[in-house]
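# Structure assessment
One letter stands for each residue in the lines below.
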Amino acid sequence: MNLNHIKGNTYCIDTGMSSIPVYKLDDENVILLDTGWANGERVGLELILEENKWRVAGILASHAHIDHIGNNAYFQGKYGTVIGMARNEAMTCSSLMSLKAYYSGHAMTDIERHFGHMVCKTDVMIEPEDHTVELCGATFGVFHTPGHSPAHTCLITPDDVAYLGDALISYEVMAGAKMPYDFVLKEDLESKARLKTLKASQYIVAHKGVFTNIDQLIDDNINFYKERAERVFETIDGAMTVEDIFKAVVNAFSIHVKTKFGSAVIERMLRSYIEYMVDEKRLEVVLVNGMIHYKPV
């Protein structure tokens, strides 16, 4: 892992898998903007913290996905860290039952085993109408970008550096992504377009990199997600169930499914593209022998 200085008291940890911003409150205390994976990133994060003699005083989370809040509870237990998050995201990771509502395709035993470490207590709630949030005496800007998750937020440090979380993905990630995840694709595309009104000196994308201008990246992200939706649409031949479309997409995109968790992730990704085409009136929902099918309009 590498620690890079961005501007003023704003730094960024390049974990290899993601970019995690750090805002330095003083010589000893920092605020992390997201905390990465529990498996794969925790050890490296702790080494960076130890080398700089930093304590995690606060965490601001962009959204409650496993690769963004994987170490929230761990740091909260170790340092008594104060956590801030959008209210709807905070509710998602407030309990195992709430996680079950989000990851509905898994049994409770799997929720506890695979996602249980995501449960954490949020101390500072970011409301939908908030444009700033104060944490540990520092004031951050808030730019709401729902779609990738129910209440995804971009966070702007006091140094005017915007952390975009997963509101955008980099060209490197686009080059390797077969079907990037969205919760509600239609909403996410609108949020991406609205990002052109967000002005900051620099922009950090979680997956991943640092940019001085994102206008072209926004356009290319929108086009990329729409192109992927079109490719999903092209696999649908007549009336098909989600399972039928899943099989067709896995084959067309050459996706290798190795675990039940991987299969569930792909199905959640796929549903957002199918529902986008329903929203766009390209697909209609029909019942065949009591089963939901989707067919081109």
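Whatever comes next refers back to the structure up there.
Residues numbered from 1 in each chain as written. Predicted model: local features only at pLDDT ≥ 70, side-chain atom pairs only at ≥ 80, totals over all residues. Heavy atoms only, no water.

## Focus: the overall build of the chain
Going by this rule: By definition, any uninterrupted DSSP run of H or I lasting at least four residues is a helix, any uninterrupted run of E lasting at least two residues is a strand, and each is numbered from the N terminus. It is over C-alpha atoms that the radius of gyration is taken, and the globule rule equals 2.2 Å times the number of residues to the power 0.38. Three labels apply to residues, based on accessible area from a 1.4 Å probe with only protein chains included: buried if under 20% of the type maximum, exposed if over 50%, partly exposed otherwise in between. Only the protein chains shown count as cover for residues, and the accessible areas themselves come from Shrake-Rupley with a 1.4 Å probe. Note that His is not counted, nor are the chain ends; the positive residues are Lys and Arg, and the negative ones are Asp and Glu. For the purpose of locating charges, the reference atoms are NZ of Lys, CZ of Arg, CG of Asp and CD of Glu.
The helix and strand tally for the chain stands at 10 helices and 15 strands. For 297 residues, the compact-globule formula gives about 19 Å, and the C-alpha radius of gyration of the chain, at 20 Å, lands near that figure. Structurally, the chain occupies a C-alpha span of about 65 × 45 × 35 Å along its principal axes. Sorting the 297 residues of the chain into buried and exposed places 54% on the buried side. Element-wise, carbon and sulfur atoms account for 52% of the exposed surface of the chain, whose accessible area totals about 13,100 Å². Distance from the positive charge centre (28 side chains) to the negative charge centre (40 side chains) of the chain: 4 Å.

## Re the pattern of salt bridges
Put simply, the rule is: Between Lys or Arg on one side and Asp or Glu on the other, a salt bridge is scored when a side-chain nitrogen of the former is within 4 Å of a carboxyl oxygen of the latter.
Inspection of the entire model under this criterion finds 13 salt bridges. Lysine 208 is the partner of aspartate 14 in a salt bridge, and the nearest nitrogen-oxygen pair spans 3.0 Å. With a gap of 194 residues between them, aspartate 14 in strand β2 (residues 10-14) and lysine 208 in the loop between β12 (202-205) and β13 (209-211) connect regions that are remote in the sequence. Since its relative accessible area comes to 23%, aspartate 14 is described here as partly exposed. When the shortest N-O distance is used, the salt bridge between aspartate 188 and lysine 192 registers 3.0 Å. Placement of both aspartate 188 and lysine 192 in helix α7 (residues 185-194) is noted, with a separation of four residues, approximately one turn of the helix. Neither residue differs from the other here; aspartate 188 and lysine 192 are each classed as buried. Within the structure, one salt-bridge network assembled from shared partners comprises Asp110, Arg113 and Lys260.

## Some thoughts on the packing of helix α9 (residues 242-252) against helix α10 (residues 260-279)
The test is simple: Note on method: axes are straight lines fitted to C-alpha atoms, helices fitted across the in-contact stretch only, with angles between N-to-C directions ranging 0 to 180 degrees. What sets the label is the angle itself: under 35 degrees gives roughly parallel, over 145 gives roughly antiparallel, 65 to 115 gives roughly perpendicular, and the rest give oblique. Contact definition: two residues touch when any of their heavy atoms are within 4.5 Å. In this count, Pro and Cys sit with the nonpolar residues alongside Ala, Val, Leu, Ile, Met, Phe, Trp and Tyr, while Asp, Glu, Lys and Arg are called charged and the others, Gly among them, polar.
The N-to-C vectors of α9 and α10 enclose an angle of 105°; their axes lie 10 Å apart at closest approach. Accordingly, the angle class assigned to the pair α9 and α10 is roughly perpendicular. From α9, Val242, Ile245, Phe246 and Val249 reach across to α10, where they touch Ser263, Ile266, Glu267, Leu270, Arg271 and Ile274. Taken together, the residues of the contact of α9 with α10 break down into seven nonpolar, one polar and two charged.

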